[in-house]
Amino acid sequence: RRRSRKKLSEVVERCLQKMEADSRDRPHLVDKRMVTQMVAAFLEQRDHPRQAQEILARMADLLGFTEVERQQVGLSHRRRTLLEQQEEPTGLA
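Thresholds applied
Residues numbered from 1 in each chain as written. Predicted model: local features only at pLDDT ≥ 70, side-chain atom pairs only at ≥ 80, totals over all residues. Heavy atoms only, no water. Helix = DSSP H or I, 4+ residues; strand = E, 2+ residues; numbered from the N terminus. Contact = heavy atoms within 4.5 Å. Areas by Shrake-Rupley, 256 points an atom, 1.4 Å probe, with all protein chains shown as cover. Salt bridge = Lys/Arg side-chain N within 4 Å of Asp/Glu carboxyl O. Buried < 20%, exposed > 50% of the residue type's maximum accessible area, 1.4 Å probe, protein only. pLDDT = per-residue confidence, 0-100. Expected span 1.5 Å × (residues − 1). Arc of directions from axis to C-beta.

### What about the overall build of the protein chain?
Secondary structure summary: the protein chain contains 5 helices and 0 strands in total. Secondary structure elements of the protein chain, listed N to C terminal, follow the sequence α-α-α-α-α. Look at the contacts in the protein chain between residues 6 or more apart in sequence, and 37% of them connect residues 24 or more apart. Put simply, the protein chain shows about 7,300 Å² of open surface, and 52% of that area lies on carbon and sulfur atoms.

### A word on the pattern of salt bridges
All told, the structure shown has 4 salt bridges when counted by the stated rule. When the shortest N-O distance is used, the salt bridge between Arg-58 and Glu-13 registers 2.5 Å. Within this pair, whereas Arg-58 is found in helix H3 (residues 49–63), its partner Glu-13 is found in helix H1 (residues 2–25), the two being separated by 45 residues in sequence. For Arg-58, a relative accessible area of 18% corresponds to the buried category. Salt-bridge contacts for Arg-70 lead to Asp-61; the nearest nitrogen and oxygen are separated by 3.2 Å. Judged by its relative accessible area of 1%, Arg-70 falls in the buried class. Three or more residues joined by partner-sharing salt bridges are found here, namely Glu-13, Glu-54 and Arg-58.

### Remarks on the confidence of the model for the protein chain
On average, residues of the protein chain score 80 in pLDDT, and 80% of them are at 70 or above. No element of the protein chain has a lower mean pLDDT than helix H5 (residues 82–87), at 57, and none a higher one than helix H4 (residues 67–72), at 92.

### Thoughts on the side chain of Gln-45
Note that Gln-45 resides in the loop between helix H2 (32–44) and H3. With residues up to four places along the chain from it excluded, the contact list for Gln-45 reads Arg-5, Leu-8, Gln-51, Ala-52 and Ile-55.

### Here's the deal with H2
For H2, with 13 residues, the first-to-last C-alpha span of 18 Å sits near the 18 Å given by 1.5 Å per residue. Residues Met-34, Met-38 and Ala-41 constitute the buried set of H2. The buried side chains of H2 occupy one side of the element, clustering within an arc of 60 degrees when seen end-on. When the buried face of H2 is taken as reference, the exposed residues oriented beyond 90 degrees from it are Lys-32, Arg-33 and Thr-36. Where the residues of H2 are buried, they touch H1 and H3.

What follows is the structure, given as structure tokens:
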């Protein structure tokens, strides 16, 4: 069971990395196959609310949900993308 969750997490992470790379090149397009995989992963985690919430948050980030849309699905705030996290300055000023 733990192995299947780890494998599922790895699949979701690979999907996100590919989608974020693609979104830099074509910001208005989303690969429907990846969205399908993420929805399936979300539904597989129905019995694990924390994992399901994480997948939902990642989908919201990827699809560019507005604050209102995030609230409608039970998410409180927008998370930073990997690119935004990498561009963030490090260290103390």
